[in-house]
Amino acid sequence: MIRRQLTSAALAALVALAGCENYDLDLHDQALHRVQEAPRFLPPQGSVTVSEKRVNYAAVDGATLINPLEGDAQRVEKGKKLYEIFCIACHGPAGDTKNTPVADKFDPRPANLLGDVVMALTEGEIFQRVLDGGGVMPGYRYEVSDEEAWQITSYVLKLQNR
C-alpha cells in the first residue's frame, strides 16, 4: 500500500516536472515580444496599405498652401456643417466667441475669428490651425481629413467676408 502511494507520488512529481521543462522565470526573455510591447507582425510581402497617408503640415509655411477646393461651390456649405460640429462651441455661430457655451470658461479665450489676428492669417495658415491647433485650441488632425479642414477654412473665410 505504501509502495503504491510512493509510486503514485513519484509519478505525479515526474509529470509535474516534465510540464515545467520550458518554464522561464525571466519574463524579459520571451521570443514573441518584450514586456509591455505588442507583438510585431510584419505585413505580407508585396502588400499595400489601406490607410490614408497624412501630410504633416506643421513643417510647411502656411502662407504657401493653396486650397485645392477653390471654386467648389459646395465646399462652404460642407464647411459650415463641420464648423457646427467642431468649432461652434468655442468660436460661436458668428465666429466672434459670443453666444457660446464654453468660451467664457477658457483663459485665454478662444480666438475671435473676426479679430485682427485671425484676419491677418492666410487661407493656408487657417487650414494649419484647424489641423494643428494653437493656444487653447486643440488640433483636429485625427478628427477631420485634409479635405474637411479645407472646407472648414472656406467657411471661416466666408464668416470673415473674404
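Residues numbered from 1 in each chain as written. Predicted model: local features only at pLDDT ≥ 70, side-chain atom pairs only at ≥ 80, totals over all residues. Heavy atoms only, no water.

Visitor: So, the packing of aromatic side chains: which residues are in play, and what are the values?
Guide: Here the structure, examined in full by the defined rule, presents four aromatic pairs. Aromatic pair Tyr 83 and Tyr 155: ring centres 5.2 Å apart, planes at 55°, arrangement tilted. In this pair, Tyr 83 is assigned in helix 2 (residues 75-86) and Tyr 155 in helix 6 (residues 146-159), connecting sequence segments 72 residues apart. What makes Tyr 155 buried here is its relative accessible area of 9%. (Phe/Tyr/Trp six-rings, centres within 6.5 Å; stacked < 30°, edge-to-face > 60°. Helix = DSSP H or I, 4+ residues; strand = E, 2+ residues; numbered from the N terminus. Buried < 20%, exposed > 50% of the residue type's maximum accessible area, 1.4 Å probe, protein only.)

Visitor: Which residues make up the environment of Leu 82, and what are the values?
Guide: Here Leu 82 lies in helix 2. With relative accessibility at 11%, the residue Leu 82 sits in the buried group. Each C-alpha atom, one on Leu 82 and one on Tyr 155, is 9.1 Å from the other, the two residues being 73 residues apart in sequence. Sequence-distant contacts of Leu 82, that is, excluding residues within four places in its chain, are made with Cys 87, Glu 148, Gln 151 and Ile 152. (Contact = heavy atoms within 4.5 Å.)

Visitor: Which residues make up the side chain of Thr 153, and what values do they have?
Guide: Along the polypeptide, Thr 153 turns up in helix 6. Each residue touching Thr 153, except ones within four places of it in the same chain, is listed here: Glu 123, Ile 126, Phe 127 and Val 130.

Visitor: Tell me about the nonpolar core, and please be specific about residues and values.
Guide: If you look at the biggest cluster of nonpolar residues, it comprises 23 residues, and the most contacted ones within it are Tyr 83, Phe 127, Leu 131, Val 144, Ala 149, Ile 152 and Val 156. With seven residues, helix 6 is the single largest residue contributor to this core. Here Leu 131 is in contact with Arg 54, Tyr 57, Gly 139, Tyr 140, Arg 141, Val 144, Asp 146 and Ala 149, once residues within four sequence places are set aside. (Core = buried A, V, L, I, M, F, W, Y, C linked by side-chain atoms within 4.5 Å.)

Visitor: Got a sec to walk through the side chain of Thr 100? Specific residues and values, please.
Guide: Summarising the element assignment, Thr 100 is placed in the loop between helix 3 (88-91) and helix 4 (116-119). Of the residues examined, Thr 100 reaches a relative accessible area of 14% and is grouped as buried. Side-chain polar atoms of Thr 100 contact the backbone nitrogen of Ala 103, separated by 3.1 Å. Excluding its chain neighbours within four sequence positions, the residues that come into contact with Thr 100 are Ile 88, Ala 89, Cys 90, His 91 and Gly 92. (Polar contact = N/O pair within 3.5 Å; in protein donor to acceptor, adjacent residues only side chain to side chain.)

So yeah, pure geometry; function would need other evidence.
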